[in-house]
Amino acid sequence: MAALDREALLARAEALIPVLRERAAAAEELRRIPDETIADLVESGLIRATLPARLGGAEVDYRTMMEIVALVSRGCASTGWVYCNLASCTFKLALWPREAQDEIWEADKDALLTGNLIFPCGKASRVAGGYRLSGRWPFGSGIDHACANFFAAMVTGAEPPEFRLFLVPKGEYTVLDTWRASGLRGTGSNDAAVDDLFVPEYRTIDAKDTRNGAAPGNAVNPGTVYRLPLFAMFFTWVGATVLGMAEAAVEGYVEATRTRAAHYSGQRLAELGTIHVKVAEARAAVATARRIYLANCDEATAIADGGAQPDAEARARYRAEGAFAARLCCQAVDLITAASGGGGVYDRNPLSRAFRDIHAGTAHITQTWDPNAVTYGRLSLGLETDNPLL
């Protein structure tokens, strides 16, 4: 499959929206993404959006990836969430040693990878030739479809504390059927467990090397997108899903409200001043959120293109402003849900799912305001960061 350019990728993502909307209810019932949808993501070429160009991938920048994920999320939030995880983990593998990349991509350039990047959930100890890894991690979105998984762990006895990432093939970890949730029900975000597993050195990297363009994979994948600080930029992946689901919810409500009448009064809702205010605020909120997300993608990319890295305060600002943008998206969905009245509570109303999904999405650490605001506030006041991953 030839690499697709930006316009082709965006067009293919947009073409999937109506198909994904038809399958959204089925994804919730299954508690995982339907196999047909996974096939569509592969056959459309979207899985290769973050694959390195040297392997025939599109190697898209952060802005383009945000726009693709947001489009997929407009069709189905759960699908957008899983696609976000799959695409971001394809991206992560490009940072690993060449041997690990070859092990996966020589077998299949459409390999599906996922990850559980919660460091305190795992413990690792250094041994000859690698590490022994144990732990249990939640939130493995799309893990049932993956051929390998990234796990995060703390290395025992390391001083200062060492945050490390591990690539583990399917069959060497256990998937636990735990995903019964209020929102994003179709993501299959099950727990995963590893028990005293040996992971060779080439399948692991130090998290600090992902923040300065010094990851082992940068030797063969030197492109700008792979040199930006991974955890500082992670707001974009999840934020794109939150943005897409909010945009779809607001657009859907506006379209339906143009012709809808109130049940009790029979008055056209489009004529009510209170509805005008809510629609204006909701649309302004999602539009502002989009500008925030994309502006920070563009700023970081420009800095890296110039041969530098975003400084510590900029990294904290990206995360804080990303979380602020997510608040705006959630606010928009809350506004139109309140305006929809009793009709919004039915499962058959897509707004009901959007309400549940947006609150689940904004619970993600990159989209949660308080911890990201604290980090940014500390740096703004001249204090040290409380987030070693940035």
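Before reading on, note that the structure itself is shown above.
Not measured: the values here are computed from a predicted model. (Residues numbered from 1 in each chain as written. Predicted model: local features only at pLDDT ≥ 70, side-chain atom pairs only at ≥ 80, totals over all residues. Heavy atoms only, no water.)

1. Observations concerning the overall build of the chain
Threshold: We count a stretch as a helix when DSSP gives it H or I for four or more residues in a row; a strand needs E for two or more, and each element gets its number in order from the N terminus. Computation of the radius of gyration draws on C-alpha atoms, with the globule rule given as 2.2 Å multiplied by the number of residues to the power 0.38. Burial here depends on accessible area, computed with a 1.4 Å probe over protein chains only, as a share of the maximum for the residue type. Under 20% is buried, over 50% is exposed, and the range in between is partly exposed. Any two residues having at least one pair of non-hydrogen atoms within 4.5 Å are treated as being in contact. The Shrake-Rupley method, run with a 1.4 Å probe sphere, supplies the accessible areas, and residue values consider only the shown protein chains as cover. A residue counts as positive if it is Lys or Arg and as negative if it is Asp or Glu; His and the chain ends are not included. Taken as the charge location is NZ of Lys, CZ of Arg, CG of Asp or CD of Glu.
Looking only at helices and strands, the chain features 12 helices and 8 strands. Compactness check: the chain gives a C-alpha radius of gyration of 21 Å against a globular reference of 21 Å for 390 residues, within 12% of the reference. Judged by the C-alpha coordinates and their principal axes, the chain covers about 75 × 50 × 40 Å. Out of the 390 residues belonging to the chain, those deemed buried represent 56%. Contacts in the chain between residues far apart in sequence, at least 24 positions, make up 74% of those at least 6 positions apart. Accessible area for the chain stands at about 15,800 Å²; split by element, carbon and sulfur atoms hold 54% of it. Computed over 40 positive and 47 negative side-chain charges, the inter-centroid distance for the chain is 3 Å.

2. Let's talk about the side chain of T337
Along the chain, T337 falls in helix 10 (residues 312–339). Discounting residues that sit within four places of it in the chain, T337 has contacts with L351 and F355.

3. Re the pairing of strand 5 (residues 162–169)
The condition is simple: In this scheme, strands are said to pair when DSSP sees at least two bridges between them.
Among the 8 residues that make up strand 5, 8 are buried, leaving the element largely enclosed by the rest of the structure. Residues E162, R164, F166 and V168 line one face of strand 5 and the alternating positions F163, L165, L167 and P169 line the opposite face, and both faces are buried. Both strand 4 (residues 148–155) and strand 5 contribute to a ladder of 8 bridges, which runs antiparallel. Looking across to strand 5, one finds that N149 is bridged to V168.

4. Some details on the packing of helix 3 (residues 62–75) against helix 8 (residues 235–257)
Cut-off, in case you're wondering: Here an angle of 0 to 180 degrees is reported between the N-to-C directions of two axes, which are lines fitted to C-alpha atoms, with helices fitted over the stretch in contact. Here roughly perpendicular refers to angles of 65 to 115 degrees, roughly parallel to angles under 35, roughly antiparallel to angles over 145, and oblique to all remaining angles. Each helix crossing is assigned a hand: it is left-handed if the near helix lies turned anticlockwise from the far helix by less than a right angle, otherwise right-handed if that turn is clockwise. The classification used treats Ala, Val, Leu, Ile, Met, Phe, Trp, Tyr, Cys and Pro as nonpolar, Asp, Glu, Lys and Arg as charged, and all other residues, Gly among them, as polar.
Two elements in contact, helix 3 and helix 8, have axes whose closest approach is 7 Å; the angle formed by their N-to-C orientations is 45 degrees. The orientation of helix 3 with respect to helix 8, classified from their angle, is oblique. In this structure, helix 3 meets helix 8 at a crossing whose hand is right-handed. Of helix 8, the residues touching helix 3 (which contributes Y62, M65, M66, V69, A70, S73 and R74) are T236, W237, G239, A240, T241, L243, G244, M245, E247, A248 and E251. Class assignment of the residues belonging to the contact of helix 3 with helix 8 gives a composition of 10 nonpolar, 5 polar and 3 charged.

5. Comments concerning empty space enclosed by the protein
To be explicit about the condition: Both cavities and pockets are sets of points on a 1 Å grid over the protein atoms alone; in a cavity a 1.4 Å probe fits but cannot get out, in a pocket the set is open with protein on both sides within 12 Å along at least five of seven lines, and lining residues sit with an atom within 4 Å of a point. Grid points are joined across faces, edges and corners, and a volume is the space filled by probe spheres set on the points.
As enumerated under the stated definition, the model contains 1 cavity of 30 Å³ or more in all. When its volume is computed, the largest cavity comes out at roughly 40 Å³. Lining the largest cavity we find 10 residues, and of these A2, A3, L4, G45 and R48 sit closest to its centre. Among the residues making up the lining of the largest cavity, the classes are represented as 6 nonpolar, 3 polar and 1 charged.

6. Topic: the pattern of salt bridges
Operational definition: Basic side-chain nitrogens of Lys or Arg form a salt bridge, by our definition, when they fall within 4 Å of a carboxyl oxygen of Asp or Glu.
Overall, the coordinates contain 25 salt bridges when judged by the stated rule. The partner of E251 in a salt bridge is R74, with the nearest N and O atoms 3.0 Å apart. Here E251, found in helix 8, pairs with R74, found in helix 3; they are 177 residues apart in sequence, far enough to count as distant. Put simply, R203 and E103 hold a salt bridge, and the shortest N to O gap is 2.9 Å.

7. Examining helix 11 (residues 350–361)
Residues three or four positions apart in an α-helix share a direction because the helix packs 3.6 residues into each turn. Note the following rule: A helix is expected to span 1.5 Å multiplied by its residue count minus one. Two N or O atoms form a polar contact when they lie within 3.5 Å of each other; inside protein one atom must be a possible hydrogen donor and the other a possible acceptor, and for residues adjacent in sequence the pair counts only when both atoms belong to side chains.
A rise of 1.5 Å per residue sets the reference length of helix 11, with its 12 residues, at 16 Å; its end C-alpha atoms lie 16 Å apart and thus fit the reference within 8%. When we look at burial in helix 11, the residues that qualify are L351, S352, R353, A354, R356, D357, I358 and G361. In this structure, the buried side of helix 11 is in contact with helix 1 (6–30), helix 4 (77–93), helix 8 and helix 10. Backbone nitrogen of L351 and a side-chain oxygen of the N-cap are separated by 2.9 Å at the start of helix 11; the cap is N349.

8. Comments concerning the side chain of N116
Within the element layout of this structure, N116 appears in strand 1 (residues 113–116). In this structure the side chain of N116 is engaged in a polar contact, spanning 2.8 Å, whose partner is the side chain of N149. Other than its neighbours up to four places away in sequence, N116 contacts W137, P138, F139, G140, I143, N149, F150, F151, A152 and N190.

9. So, the packing of aromatic side chains
Short version of the rule: Pairing of aromatic rings covers Phe, Tyr and Trp, the last counted by its six-membered ring, and requires centre-to-centre distances within 6.5 Å; plane angles under 30 degrees mean stacked, over 60 mean edge-to-face, and any other angle means tilted.
For the structure shown, the criterion picks out 14 aromatic pairs. Geometrically, the ring pair formed by Y62 and W237 is edge-to-face, given 5.7 Å between the ring centres and 65 degrees between the ring planes. Taken as a pair, Y62 in helix 3 and W237 in helix 8 lie far apart in primary sequence, 175 residues in all. Y62 sits in the buried class, given a relative accessible area of 2%. Aromatic side chains F119 and F231 sit 5.9 Å apart centroid to centroid with 55 degrees between the ring planes, which places their arrangement in the tilted category. One end of the pair, F119, is in the loop between strand 1 and strand 2 (122–127); the other, F231, is in helix 7 (residues 230–233), with 112 residues separating them in the sequence. Assigned by exposure class, F119 and F231 land together as buried.

Worth remembering: the numbers are spatial, not functional.
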